[in-house]
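A structural walkthrough
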Amino acid sequence: MNNAILIVDDMEINRVILAEGFRDEYEILEAENGIQAIELLNTNNNIAAVLLDLIMPEMDGMGVLKQMNESGRIVHTPVFIITAESSEKMLMDAYNLGAVDVINKPFMMNFLKCRIGNIIELYRHRNDLEDIVNEQVERLNKVNLSMVETLATLIEFRDCESGEHVKRICGLTEILMTAVSEMYPEYYLPRHEIEKIVTASILHDVGKIAISDSILNKPGRLTKEEFEIMKQHTTKGCDILTQIPDIMDNDIYNYSYDIARHHHERWDGRGYPDGLVGDDISIWAQVVAIADVYDALISPRVYKKAFDFETAVKMINDGECGTFNPKVLNAFNASADKIRFKE
Amino acid sequence: MDLISGLGELGVNTDEALARFMNNASLYERMLKKFPAAARDAKALECFQAKDYEKALAATHTLKGVTGNLSLTPLFKAYTDIVALLRADKPEEAEAMYMELIPTEEKIIGCIESCQ
């Protein structure tokens, strides 16, 4: 539990009075100026409150408040301005920088102890609640992810060839999304979005649950009619996801829906189901598309053997598996070592 | 005569100060004995003589806080007015008031130092 009070004042007399008042209940830390205060804040994570003078040498109280704002520390640690200051503007500036209360010198110790003690209790309570909420959100995310993975396992049971396919697609999506995002500013996405896309890629083939066994597990090439039915796994995937929107985070749901529907679209418009062209296809669906094709090439099928890494890369670059966005292809080629290692 | 009753006769609000020091008289006396050095170190007189009113403001502001916390009431009241005058851009009036304060401050410092 946070049980230290940091007293910041250039005058020893003022520090001693405050220290004496709080010594029984708290560990006391003292700083003679703002720079010492920031050092103590950086090296102690048990500070329950800061009692801060405004006018000091080296770095003044405003400087300390500014730094605590920049580091975000001000949100969790209450700062009391203890000052002989009466300039309204300066006190207002202190409040605007997040000071929780202003206490004028000379202060009455009993009142001061009550005011500071009450606020410390409030902050402790708030910080505890925040920890509880964060824990629950984390637990909820884990449950959601495990539900998504359970669904993917169901698909794997139906589609005997898919075994490790889903795991590899996740790995490839992560590598390719990161590369595209780093190489092309127009496709930049922050880390947490890429993580959501990776989770969403798990469900790209969820629609295969709705394809009959005779087609899904046919020991040979599909006829034209059978292939038309197989293509429906994209739209059927969306139908299934529409029924279960609540099992995942809203963003992951949206990514999943888009990837399930569009991971067979092609850059030149010759893919399915909607025949989208170019960047009308989302970058995440484009990335899962190339990952899906690469994984199919390096995996054995009843009607073909597994191609080696070099052959698979060449076939993708030569357009033998459809046309891809040249920028996504560049990212794919730039990530070749990572992808090969992933094998 | 002990230090605390001596200061009481000079207008220092020792009851208020003792409450602030959690009724710890020896701690109050220890801090009182630090006041003469604190007052000299602030160098308020030098700042006024050099017409450096920015530094004079910082010095008198610090002494306002310290005299307030020690309940050196006559000094605290004067320093409060001096700070206000400096803020109001009236340095000559502030300086005149500081000159008036000096004998009182010397009496209080003398009382503290006589009990060392």
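About the thresholds
Residues numbered from 1 in each chain as written. Chains lettered and ligands numbered in written order. Predicted model: local features only at pLDDT ≥ 70, side-chain atom pairs only at ≥ 80, totals over all residues. Helix = DSSP H or I, 4+ residues; strand = E, 2+ residues; numbered from the N terminus. Buried ≥ 20, exposed ≤ 12 C-beta atoms within 10 Å, placed from the backbone. Contact = placed C-beta atoms within 7 Å. Nonpolar A, V, L, I, M, F, W, Y, C, P; charged D, E, K, R; others polar. Pairing = 2+ DSSP bridges. Axes fitted to C-alpha atoms, helices over the stretch in contact; angles between N-to-C directions. Core = buried A, V, L, I, M, F, W, Y, C linked by C-beta atoms within 7 Å. Right-handed = clockwise from strand over helix to strand, strands pointing away.

Right, let's talk about the overall build of chain A for a bit. Within chain A, the secondary structure is distributed over 15 helices and five strands. Counting over 343 residues, chain A shows a buried share of 36%.

Attention shifts here to the overall build of chain B. Counting secondary structure elements, chain B contains eight helices and zero strands. Reading the helices (α) and strands (β) of chain B from amino to carboxyl end gives α-α-α-α-α-α-α-α. Within the span of chain B, comprising 116 residues, buried residues form 40% of the whole. For chain B, long-range pairs separated by at least 24 residues make up 55% of all intrachain contacts whose partners lie at least 6 apart in sequence.

Attention now goes to the interface of chain A and chain B. Interface size, as often reported, equals the accessible area lost upon joining of the parts. With 15 residues of chain A at the interface, the matching set in chain B holds 20 residues. A per-element tally of the side of chain A that touches chain B places helix α1 (residues 12-22) of chain A first, with seven residues. For the side of chain A that touches chain B, the class distribution of residues is nine nonpolar, three polar and three charged.

Pairing between sheet strands relies on hydrogen bonds along the backbone, with the strands arranged either parallel or antiparallel. All names here are of chain A. The strand order across the open sheet formed by five strands is β2-β1-β3-β4-β5, and the pairing between neighbours is parallel. In this open sheet, the two edge strands, each paired with only one partner strand, are β2 (27-31) and β5 (101-104). With direction set aside, neighbouring strand axes in the sheet form an average angle of 20°. Pairing of strand β4 (residues 79-83) with β5 involves four bridges; the strand directions are parallel. In the strand pairing of β5, I81 is matched with V102. Docked against the sheet, helix α5 (residues 109-158) engages β3 (47-52), β4 and β5, running at close to 165° with respect to β5.

Attention shifts here to the nonpolar core. Counting 69 residues, the largest nonpolar core has L6(A), V8(A), L51(A), L52(A), V79(A) and F80(A) as its most contacted members. Top contributing element to this core by residue count: helix α7 (residues 73-87) of chain B, with eight residues. Of all hydrophobic cores here, the second largest spans 47 residues; its members include Y187(A), V206(A), V288(A) and F332(A).

A word on the pairing of β2(A). All names here are of chain A. Of the strand pairs in this sheet, strand β1 (residues 4-8) and β2 are connected by five bridges, and their pairing is parallel. Note that in β2 the partner of V8 across the bridge is A31. Since β1 and β2 lie parallel, the crossover through α1 that links them has a hand, and here it is right-handed.

Moving on, we come to the environment of N45(A). Residues and elements named next belong to chain A. On the secondary structure map, N45 appears in the loop between α2 (34-43) and β3. With 11 C-beta atoms packed within 10 Å, N45 lands in the exposed category. In this structure, the C-alpha to C-alpha distance between N45 and T77, residues 32 residues apart in sequence, is 9.9 Å.

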